[in-house]
Amino acid sequence: MKDLVNAGVNIVALEKNEHKYGMTCAWAMQVDEDQLLLLLGSQSETANIIEEGDIIGVSALCIGQEAIATKFGTKHSSKTNKFYDVKYENEEGAILIRKASKKMKCRVVKIGHIYDNDEDYLVQVRVLSMESDNDSFLSMTEYRKSVEK
């Protein structure tokens, strides 16, 4: 697939009902000073358990974290422990990947759908807090090149 825009690679993760969930999300966009929109596929267990009011983590990965993107993007959270061997922090249920470019603790404001398509979720979140570890964002273009090798 050809990239129309060079989007970043993000991990959306949370702990809910004593279970950790996480997924790779390439479709995230800042839409206000403190708000993001995330497009989450309905095939994801993580996307299916997120509800309005939940606290979630959004970690914008940096160059060198390609293996994390692959781990979180290829299997379901109930089938494998995606967090094994991944350094992270848990802030009120928001799971944040250490050394990511940006680590954002967010509250889910609204969940909708695009074009009346009930299969994918458009999730609006408000950023409650953010930390920056470095500025080397991992883009989808760079990520795809690394997995094609």
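Residues numbered from 1 in each chain as written. Predicted model: local features only at pLDDT ≥ 70, side-chain atom pairs only at ≥ 80, totals over all residues. Heavy atoms only, no water.

Quick look at the overall build of the chain now. A tally of regular secondary structure across the chain gives three helices and nine strands. Taken from N to C terminus, the helices and strands of the chain fall in the order β-β-β-β-α-β-α-β-β-β-β-α. Here the chain has a C-alpha radius of gyration of 14 Å; the compact-globule value for 149 residues is 15 Å, and the two agree. Projected onto its principal axes, the C-alpha positions of the chain cover 40 × 35 × 35 Å. Taking the intrachain contacts of the chain between residues at least 6 apart in sequence as the baseline, contacts between residues at least 24 apart amount to 67%. Here the chain has roughly 8,600 Å² of accessible surface; of this, 48% comes from carbon and sulfur atoms. (Helix = DSSP H or I, 4+ residues; strand = E, 2+ residues; numbered from the N terminus. Rg over C-alpha atoms; globule rule 2.2 N^0.38 Å. Contact = heavy atoms within 4.5 Å. Areas by Shrake-Rupley, 256 points an atom, 1.4 Å probe, with all protein chains shown as cover.)

In this section: the confidence of the model for the chain. With 93% of its residues at a pLDDT of at least 70, the chain reaches an overall mean of 89. Considering each helix and strand of the chain separately, the mean pLDDT is smallest for helix H3 (residues 140-148), with a value of 78, and largest for strand S7 (residues 94-97), with 98. (pLDDT = per-residue confidence, 0-100.)

Two quantities define a packed helix pair, namely the angle between the axes and the distance from one axis to the other. In the contact formed by helix H2 (residues 66-74) and H3, the axes pass within 10 Å of each other and the chain directions differ by 85°. One way to sum up the angle between H2 and H3 is to call them roughly perpendicular. In contact with Glu66, Ala69 and Thr70 of H2, H3 contributes Tyr143, Ser146 and Val147. For the contact of H2 with H3, the class distribution of residues is three nonpolar, two polar and one charged. (Axes fitted to C-alpha atoms, helices over the stretch in contact; angles between N-to-C directions. Parallel < 35°, antiparallel > 145°, perpendicular 65-115°, else oblique. Nonpolar A, V, L, I, M, F, W, Y, C, P; charged D, E, K, R; others polar.)

This paragraph deals with the pattern of salt bridges. Under the counting rule described, the total for this entry stands at seven salt bridges. A salt bridge links Asp34 to Arg126, with the shortest nitrogen-to-oxygen separation between them at 3.0 Å. Placement of Asp34 in the loop between strand S3 (28-32) and strand S4 (35-41) and of Arg126 in strand S9 (residues 120-132) is noted, with a sequence separation of 92 residues between them. On the basis of relative accessibility, which here comes to 26%, the residue Asp34 falls in the partly exposed class. In this structure, the salt-bridge partner of Arg98 is Glu89, at a minimum N-O distance of 3.4 Å. Each of Glu89, Arg98, Lys103 and Glu131 takes part in salt bridges that share partners, so that together they form one network. (Salt bridge = Lys/Arg side-chain N within 4 Å of Asp/Glu carboxyl O. Buried < 20%, exposed > 50% of the residue type's maximum accessible area, 1.4 Å probe, protein only.)

The topology assignment puts Glu66 in helix H2. Beyond its immediate chain neighbours, meaning those up to four positions away, Glu66 contacts Leu138, Tyr143 and Ser146.

Let's shift gears to the state of the cysteines. Overall, the coordinates contain zero disulfides when judged by the stated rule. Here Cys25 is not disulfide-linked; the sulfur of Cys106 is the nearest cysteine sulfur, at 11 Å. Of the cysteine sulfurs around Cys62, a residue in no disulfide, the closest is that of Cys25, at 17 Å. Accessibility expressed as a relative area gives 7% for Cys62, which makes it buried. (Disulfide = S-S within 2.5 Å.)

In this section: the packing of aromatic side chains. This structure, assessed with the given rule, holds two aromatic pairs. Between the aromatic rings of Phe72 and Phe83, the centroid separation amounts to 5.1 Å while the plane-to-plane angle is 85°, which identifies the pairing as edge-to-face. Remark: Phe83 occurs in the loop between H2 and strand S6 (88-91) and Phe72 occurs in helix H2; sequence separation between them is eleven residues. A relative accessible area of 6% places Phe83 in the buried class. Each residue in the set Phe72, Phe83 and Tyr88 is aromatic and connected to the rest through ring pairs, giving one cluster. (Phe/Tyr/Trp six-rings, centres within 6.5 Å; stacked < 30°, edge-to-face > 60°.)

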